[in-house]
Amino acid sequence: MCAKIESEHLLYIKLNQQKLRVEEYIHLRDAITDGGNVTDIGRMVMVPATYIGSLRHMHEYAQDAMTYVRSYGRPDLFITFICNAARSEIKELSHSQSPVDRHDLIARVFRQKLIEIITKSCIYGEANCWMYLIEWKKRGLSHVHILIWLKERILPGDVDNVIRTEIPDIQQDPVLFEIVSKHMINGPCGALNMKSPCMKDKKLHKKNDLRNTDG
């Protein structure tokens with residue numbers, strides 16, 4: 001259904017180039033002004049910046065990022081955030097359907113939680129501005145990369161208070177231990193669990209890639 005919607009959207013853009021005033025687009029106008037032959041241009045379809053994922057849309061993102069860097073310097077945080085289909089909001093509203101049947105619901109819950117983390121939670125402090133790019137994993141779940149510029153900059157001496165590279169102590173922080181163990185560690189695999197997703201033909205085919213943290 002999503003592919004059908006995108007196809008209809010692109011077809012509308014193609015059939016309504018005059019309404020979108022594509023003749024005013026700077027690159028097409030420059031090509032004609034510089035002596036280019038109109039007949040050699042072909043039937044080019046200009047996709048506007050309002051179409052998410054188009055060349056102009058990504059170009060505007062890049063320009064925004066450069067503006068943020070010029071105004072606030074380098075970003076303080078780079079965060080990866082992955083949709084969790086086991087959230088209560090998704091399970092309660094799915095009406096006995098599996099998450100793959102309700103991509104619209106998953107997308108709405110994911111965006112709501114994403115904005116809450118950036119603007120309301122303020123785990124690392126209040127943000128000046130932010131940028132994010134949403135991708136989709138092979139499982140169909142949303143996956144986002146976020147850049148955040150904080151009002152109070154993170155100094156080199158504060159990095160250890162923000163980033164952890166070890167598994168939390170189950171006695172000191174059982175909640176965080178459960179979250180990390182469930183969502184950020186693949187396994188057990190091998191002889192302990194031959195049915196693990198990383199096992200294929202009774203062999204480990206992920207090559208112990210610990211960066212694959214969407215398990």
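Per an unreviewed UniProt entry, the protein carries the name Helitron helicase-like domain-containing protein and comes from Araneus ventricosus.

Chemist: Any chance you could explain the overall build of the protein here in plain terms?
Modeler: Helix and strand counts for the protein stand at eight helices and five strands. Going from N to C terminus, the protein has its helices and strands arranged as α-α-α-α-β-α-α-β-β-α-α-β-β. Across the 215 residues in the protein, those meeting the buried criterion constitute 21%. Looking at the protein alone, contacts between residues at least 24 apart form 53% of all its contacts between residues at least 6 apart. When the accessible area of the protein is evaluated, it comes to approximately 16,700 Å², of which 55% is carbon and sulfur surface.

Chemist: Help me understand the environment of Leu150 in this model?
Modeler: For Leu150, the location among the structural elements is in strand β3 (residues 142-150). The spatial distance from the C-alpha of Leu150 to the C-alpha of Trp130 is 8.7 Å, given a sequence separation of 20 residues.

Chemist: Just to check I follow, could you spell out the pattern of salt bridges for this structure?
Modeler: Close approach of charged atoms allows side chains with opposite charge to pair. Under the criterion given, the structure shown has three salt bridges. Put simply, Lys113 and Glu116 hold a salt bridge, and the shortest N to O gap is 3.8 Å. Taken together, the residues Lys113 and Glu116, both in helix α6 (residues 103-121) and three residues apart, mark about one turn of the helix. Lys113 sits in the buried class, given a relative accessible area of 15%.

Chemist: Is there a simple way to explain the layout of surface pockets in this structure?
Modeler: By rolling a water-sized probe across the atoms, one finds the places where empty space is left. Reported here for the second largest pocket is a volume of approximately 960 Å³. As for the second largest pocket, its lining consists of 24 residues, of which Cys2, Glu6, Ile52, Ala107 and Trp136 are closest to the centre. Partitioning the lining of the second largest pocket into residue classes produces 14 nonpolar, six polar and four charged.

Chemist: What am I meant to see in the side chain of Asp76 here?
Modeler: Summarising the element assignment, Asp76 is placed in the loop between α4 (55-72) and β1 (77-82). One polar contact links the side chain of Asp76 to the main-chain amide nitrogen of Leu150, over a distance of 2.8 Å. Polar side-chain contacts of Asp76 include one of 2.7 Å to the side chain of Arg153. The residues touching Asp76, leaving out its near neighbours within four places in the chain, are Ile148, Trp149, Leu150, Arg153 and Ile154.

Chemist: What is the right way to read the nonpolar core from this model?
Modeler: Soluble, globular proteins show a tendency: their nonpolar side chains are buried together. Among the nonpolar cores identified, the biggest contains 18 residues, and Leu114, Val144 and Ile146 are the most heavily contacted of them. Broken down by secondary-structure element, the contributors of at least two residues to this core are β1, α6, β2 (127-136) and β3. If you tally residues by element for this core, the top one is α6, at six residues. Not counting residues up to four positions away in its chain, the partners in contact with Leu114 are Phe81, Tyr132, Val144 and Ile146.

Chemist: Looking at this structure, I do not really get α4. What am I missing?
Modeler: It helps to recall that an α-helix has 3.6 residues per turn; residues three or four apart then point in one direction. In a regular helix each residue adds 1.5 Å, so 18 residues correspond to 26 Å; α4 covers 26 Å between its end C-alpha atoms and thus fits that length. Once α4 finishes, Gly73 follows within two positions and takes phi at roughly 85 degrees, a positive value.

Chemist: Honestly, the packing of aromatic side chains in this entry has me stumped. Any pointers?
Modeler: Aromatic rings considered in pairs are described by the distance between their centres and by the relative angle of their planes. One pass over the structure, following the stated rule, counts two aromatic pairs. Summarising the aromatic geometry, the rings of Tyr68 and Trp149 are spaced 5.4 Å apart at their centres and angled 70 degrees between planes, so their arrangement reads as edge-to-face. You can see Tyr68 sitting in helix α4 and its partner Trp149 sitting in strand β3, a full 81 residues away along the chain. Using a relative accessible area of 25% as the deciding quantity, one classes Tyr68 as partly exposed. Note on Phe81 and Phe110: the rings are 5.4 Å apart at their centroids and 25 degrees apart in plane angle, and the pair reads as stacked. Of this pair, Phe81 sits in strand β1 while Phe110 sits in helix α6; the two residues are 29 residues apart in sequence, bridging distant segments of the chain. In this structure, Phe81 and Phe110 share a single accessibility class: buried.

So, how was this worked out
Residues numbered from 1 in each chain as written. Predicted model: local features only at pLDDT ≥ 70, side-chain atom pairs only at ≥ 80, totals over all residues. Heavy atoms only, no water. Helix = DSSP H or I, 4+ residues; strand = E, 2+ residues; numbered from the N terminus. Buried < 20%, exposed > 50% of the residue type's maximum accessible area, 1.4 Å probe, protein only. Contact = heavy atoms within 4.5 Å. Areas by Shrake-Rupley, 256 points an atom, 1.4 Å probe, with all protein chains shown as cover. Salt bridge = Lys/Arg side-chain N within 4 Å of Asp/Glu carboxyl O. 1 Å grid on protein atoms, 1.4 Å probe; cavity = no way out; pocket = protein on both sides within 12 Å on 5 of 7 lines; lining within 4 Å. Points joined across faces, edges and corners; volume = space filled by probe spheres on them. Nonpolar A, V, L, I, M, F, W, Y, C, P; charged D, E, K, R; others polar. Polar contact = N/O pair within 3.5 Å; in protein donor to acceptor, adjacent residues only side chain to side chain. Core = buried A, V, L, I, M, F, W, Y, C linked by side-chain atoms within 4.5 Å. Expected span 1.5 Å × (residues − 1). Phe/Tyr/Trp six-rings, centres within 6.5 Å; stacked < 30°, edge-to-face > 60°.

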